[in-house]
Amino acid sequence: MTAPKKLFVKTYGCQMNVYDSERMAEVLGEQAYEQTDVPEEADMILLNTCHIREKAAEKVYSELGRLKSLKAANPDLKIGVAGCVAQAEGEEIMRRQPAVDLVVGPQSYHRLPQMEARVRAGKTALDTDFPEEDKFDKLKSRPKARRAPAAFLTVQEGCDKFCAFCVVPYTRGAETSRPVTRVLDEARDLVDRGVREITLLGQNVNAYHGAGPDGVEQSLAQLIWALNDIDGLERIRFTTSHPNDMTDDLIDAHGTCEKLMPYLHLPVQSGSDKILKRMNRSHTAESYLRVIEKIRAARPDILMSGDFIVGFPEETEEDFQATLDLIEAVGYGYAYSFKYSTRPGTPAAERPQVDPEVADARLQRLQTLITRQQQQIQEAMVGRSARVLVEKPGREPGQMVGKSEYLHAVHIDNSDADIGDIVPVRITAAKRNSLAAVRADQG
Ligand code: 5AD
Ligand code: SF4
């Protein structure tokens, strides 16, 4: 028997890429590849890339520049680029960095085995099609491999919203939803392999409208209710959502579906109606706040998370102040904030840009406010009880680390718990990026 070949995968960007990287590793596993954490050992290096902001895309080229030298030490090493940079730039990647052997877009991962054979034969391979066949069907994982207790499951891909700053509708294509039965089968398989929490993923996940068993389309709320019936699955989450697709059935599910966790990532991007309009967001600050009001009426303890862009073309100090006001009004437990980054081919790229120094200063002010809110919310948890899904051992002896319902990282001292247990705790302290806790059900 020949020794297995080694695969090193590096993932950039969103959780959908994390899911895709797992699928790619599985499909190449069938070609006798084993995963390694050490790029120097690898026979194949795959960068699963992100194109959302310029910095993210540029990082890939600098990493490729570094990896190139590994080919001198190992002439058998093949280098591949997957993900959204692959989709957006295609052949250009091989022109810019000739060390790259393979370029594969997010819709073509099931074709990796053939592509791998081609590069082993000394050729290059490029596939950035949007093929007709269902890639998920062909990416079925090997059965029985044990999984960590929290897993991602992609149910929806692509976006039809065309926000004026965003490349996703171009790199990931039009919105598509996986059929309900396929999602449920994959969820049951994950549960059989030890998974207790599933996060449903999609660029626009709450626009999910997958075909049900009878051919009639189902909403994300209906899918969540179907998942709720799976024995052994204890927690359900979903991300990322658009405010306009927060339908009443989904809001109700937050109040009534026991397994649906009290956490919602709902990007708003800006608090200024003028900017929202120019972003083509098709909602206002007020309509966004109304949605949150309804969600909080259904589930008062829900923890809100959001995305913000500062320095979007033509953003004035007054517009930016409106964003700060909205943040004050919501109170975010988590937030991701970015300086506007020009993406060629998107409508906003052509517009008058904000001075980068002004944008930097605004980003700092926004992040200061968000950090303060986050800390206040974490400190308010102290003394309260929570339930933690235990994911891994902590640094101290006897300590275990996991996630609360609200997605806070929690360290449990003297936990006496195993990975995959869901344990009741009392929060004892708020640290910088996590909470400390003790078991609430033991002396
Ligand atoms: N510049 C800055 N941030 C962006 N995002 C998307 N496109 C851009 C861009 N061109 C942010 C949005 C989105 C998140 C995933 O990335 O906030 O919600
Ligand atoms: Fe991009 Fe999200 Fe807007 Fe779609 S809804 S275009 S993914 S920011």
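Just above, that's the structure.
Residues numbered from 1 in each chain as written. Chains lettered and ligands numbered in written order. Predicted model: local features only at pLDDT ≥ 70, side-chain atom pairs only at ≥ 80, totals over all residues. Heavy atoms only, no water.

1. Remarks on the site of ligand 2
To be explicit about the condition: One heavy atom within 4 Å of a molecule or strand is enough for the residue carrying it to be called near that molecule or strand. Note on residue classes: Ala, Val, Leu, Ile, Met, Phe, Trp, Tyr, Cys and Pro are nonpolar, Asp, Glu, Lys and Arg are charged, and everything else, Gly too, is polar.
Taken together, the residues surrounding ligand 2 are C159, K161, F162, C163, F165, C166, V168, P169, H242 and R281. Classifying every residue of the shell around ligand 2 gives seven nonpolar, one polar and two charged.

2. Points about the site of ligand 1
In plain terms, the rule: Side-chain atoms alone can form a polar contact between residues adjacent in sequence; in general such a contact is a pair of N or O atoms within 3.5 Å, and within protein one must be able to donate a hydrogen while the other accepts it. Reported accessibility uses the Shrake-Rupley method at a 1.4 Å probe radius. Residues are deemed covered only where the shown protein chains occlude them. Here a strand is any run of E in DSSP of at least two residues, a helix any run of H or I of at least four, and the numbering for each starts at the N terminus.
Every residue lining ligand 1 is accounted for by I52, R53, F165, Q269, D307, I309, F338, K339, Y340, S341 and R343. Between an oxygen atom of ligand 1 and a side-chain N or O atom of R53, the distance comes to 2.9 Å. S341 has a polar backbone atom sitting 2.8 Å from a nitrogen atom of ligand 1. Out of a free accessible area of 400 Å², ligand 1 has 87% covered by protein chains. Breaking the shell around ligand 1 down by element, the ones donating at least two residues are β13 (303-310) and β14 (334-339). Residue classes in the shell around ligand 1 are distributed as five nonpolar, two polar and four charged.

3. Notes on the packing of aromatic side chains
Rules: Pairing of aromatic rings covers Phe, Tyr and the six-membered ring of Trp, with a centre-to-centre limit of 6.5 Å; geometry is then stacked below 30 degrees between planes, edge-to-face above 60, and tilted otherwise. By the criterion adopted, a ring carries a charge over it if an Arg CZ or a Lys NZ lies within 6 Å of its centre and within 35 degrees of its normal.
Applying the stated criterion to the full structure yields five aromatic pairs. Between F162 and Y170, the ring centres sit 5.6 Å apart and the planes meet at 75°, which makes this aromatic pair edge-to-face. Taken together, the aromatic side chains of F165, F312 and Y340 make up a single cluster linked through ring pairs. Its end group placed over the ring of F338, R53 keeps NZ or CZ at 3.6 Å from the ring centre.

4. So, the nonpolar core
Quick note on the threshold: The nonpolar core is taken to be a set of buried Ala, Val, Leu, Ile, Met, Phe, Trp, Tyr and Cys residues, with the residues joined through side-chain atoms within 4.5 Å. Partly exposed describes any residue whose relative accessible area lies between the buried limit of under 20% and the exposed limit of over 50%, with all areas from a 1.4 Å probe on protein chains only and scaled to the type maximum. Residue contacts are defined here by distance: any two heavy atoms, one from each residue, within 4.5 Å place the two residues in contact.
Counting 52 residues, the largest nonpolar core has L200, L223 and Y332 as the members making the most contacts within it. By residue number, the principal contributor to this core is helix α9 (residues 180-192), which donates six residues. Non-local contacts of L200, meaning those with residues more than four positions away in its chain, are made with L153, V155, V205, L220, L223, I224, L227, I236, R237, F238 and T239. By size, the runner-up hydrophobic cluster in this structure holds 22 residues, among which are A56, L64, L67 and M94.

No statement about biological role is implied by the geometric values presented.
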